[in-house]
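Examination of the molecular architecture
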Amino acid sequence: MKKIIIAIDGQSSCGKSTLARQLAEELNYIFIDSGAMYRAITLYFLRNHINLPHKTAVQQALKNISLEFVFNQHTGRSDMYLNDENVESLIRDMLVSENVSEVSAIKEVRDFAVAQQRKMGEKKGIVMDGRDIGTVVFPDAELKIFVTADTAIRVQRRFKELYEKNPTITLEDVKANLELRDYIDTNRAISPLQKAEDAILLDTTNLTRGDQFKKALRLAKEKIKQHS
Ligand code: DC
């Protein structure tokens, strides 16, 4: 069977990553969480106090960043490594979430990440999730899915995830962060979050994870058959 590229885009916490990971596992494809790359860059910028509007400082900082996904035998998943350090857990912190939309709106940052993402897809057989995968990174992806879910549901899902690690977090904090990120991600000048014309809309508000997966897998199998 010929391998294809599957692009999954959508707002924060709409279930994209879970869906992309499940699909990749089932199809024996590579799963790439492109948001993790922007989060790792943001962590580096925070740690090194990079002055965001300062173009040269940003360019210089990017030269010192190496990103890699490394398979973790214990979890069976790939972890994000920033300059050989496993930052998978750190990049999910609220401080990174609060700054990542601003960092990922910078042209130099996007050029840096997109070049690496395209390289990862050269051999196809990849499921990548993000905001601009079907529109910018892989405009020719054979299957594009645009995932949505009501804000209240997304806030609940995100809260549950974060509360396990940090019981001081409130629902209001999570809601404010999600809404702000959605706003910036959708309204930025470069590669804003938008549905590609040829993307299939998948509203997960009333779907279980199992149902989402079944629908997406059916679409993927159809596309793979079409392109074989
Ligand atoms: O998927 P996520 O919530 O972990 O992504 C974190 C942020 O990274 C998101 O708010 C916007 C940015 N992002 C992006 O601009 N483009 C992508 N392809 C993926 C993520």
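We now turn to the structure provided with this report. None of the values given here were measured: they were computed from a predicted structure. (Residues numbered from 1 in each chain as written. Predicted model: local features only at pLDDT ≥ 70, side-chain atom pairs only at ≥ 80, totals over all residues. Heavy atoms only, no water.)

Right, let's talk about the site of the ligand for a bit. Inspection of the region around the ligand gives 16 residues, with Arg39, Arg110, Asp132, Asp185 and Arg188 positioned closest. Residue Ser34 places a side-chain N or O atom 3.0 Å away from a nitrogen atom belonging to the ligand. Between an oxygen atom of the ligand and a side-chain N or O atom of Arg181, the distance comes to 2.9 Å. Burial of the ligand by the surrounding chains reaches 97%, relative to a free accessible area of 440 Å². Elements with a contribution of two residues or more to the shell around the ligand: α2 (34-47), α4 (94-104) and α8 (171-187). The element that contributes the greatest number of residues to the shell around the ligand is α2, accounting for four residues. Looking at the shell around the ligand residue by residue, the class counts come to three nonpolar, five polar and eight charged. (Near = heavy atom within 4 Å. Polar contact = N/O pair within 3.5 Å; in protein donor to acceptor, adjacent residues only side chain to side chain. Areas by Shrake-Rupley, 256 points an atom, 1.4 Å probe, with all protein chains shown as cover. Helix = DSSP H or I, 4+ residues; strand = E, 2+ residues; numbered from the N terminus. Nonpolar A, V, L, I, M, F, W, Y, C, P; charged D, E, K, R; others polar.)

This part is about unusual backbone geometry. The phi angle at Asn83 is positive, at roughly 45°, despite the residue not being glycine. Inspection of the secondary structure puts Asn83 in the loop between β4 (77-82) and β5 (85-86). Positive phi, close to 60°, is recorded for Lys124, a residue that is not glycine. Tracing the chain through its elements places Lys124 in the loop between α5 (107-120) and β6 (126-130).

Right, let's talk about the nonpolar core for a bit. Among the nonpolar cores identified, the biggest contains 35 residues, and Ile41, Phe45, Ile65, Leu67 and Val109 are the most heavily contacted of them. For this core, the elements supplying multiple residues, two or more each, are β1 (5-10), α2, α3 (55-63), β4, α4, α5, β6 and α6 (133-137). By residue number, the principal contributor to this core is α2, which donates eight residues. If we ignore the near neighbours within four places in the chain, the residues touching Ile65 are Ile41, Tyr44, Phe45, Leu82, Asn83 and Phe112. Core analysis: the next-biggest nonpolar cluster, separate from the first, contains 23 residues, Ala20, Ala149, Phe213 and Ala220 among them. (Core = buried A, V, L, I, M, F, W, Y, C linked by side-chain atoms within 4.5 Å. Buried < 20%, exposed > 50% of the residue type's maximum accessible area, 1.4 Å probe, protein only. Contact = heavy atoms within 4.5 Å.)

Between the first and last C-alpha of α8 there are 24 Å, a value that for 17 residues agrees with the 24 Å anticipated at 1.5 Å per step. Along α8, the positions that sit buried rather than exposed are Val174, Asn177, Leu178, Arg181, Asp182 and Asp185. In a view along the axis of α8, the buried residues occupy a sector of 130°, so they form one face of it. Looking at α8, the residues exposed on the side facing more than 90 degrees away from the buried face are Glu172 and Tyr183. In this structure, the buried side of α8 is in contact with α2, α4 and α7 (151-165). (Expected span 1.5 Å × (residues − 1). Arc of directions from axis to C-beta.)

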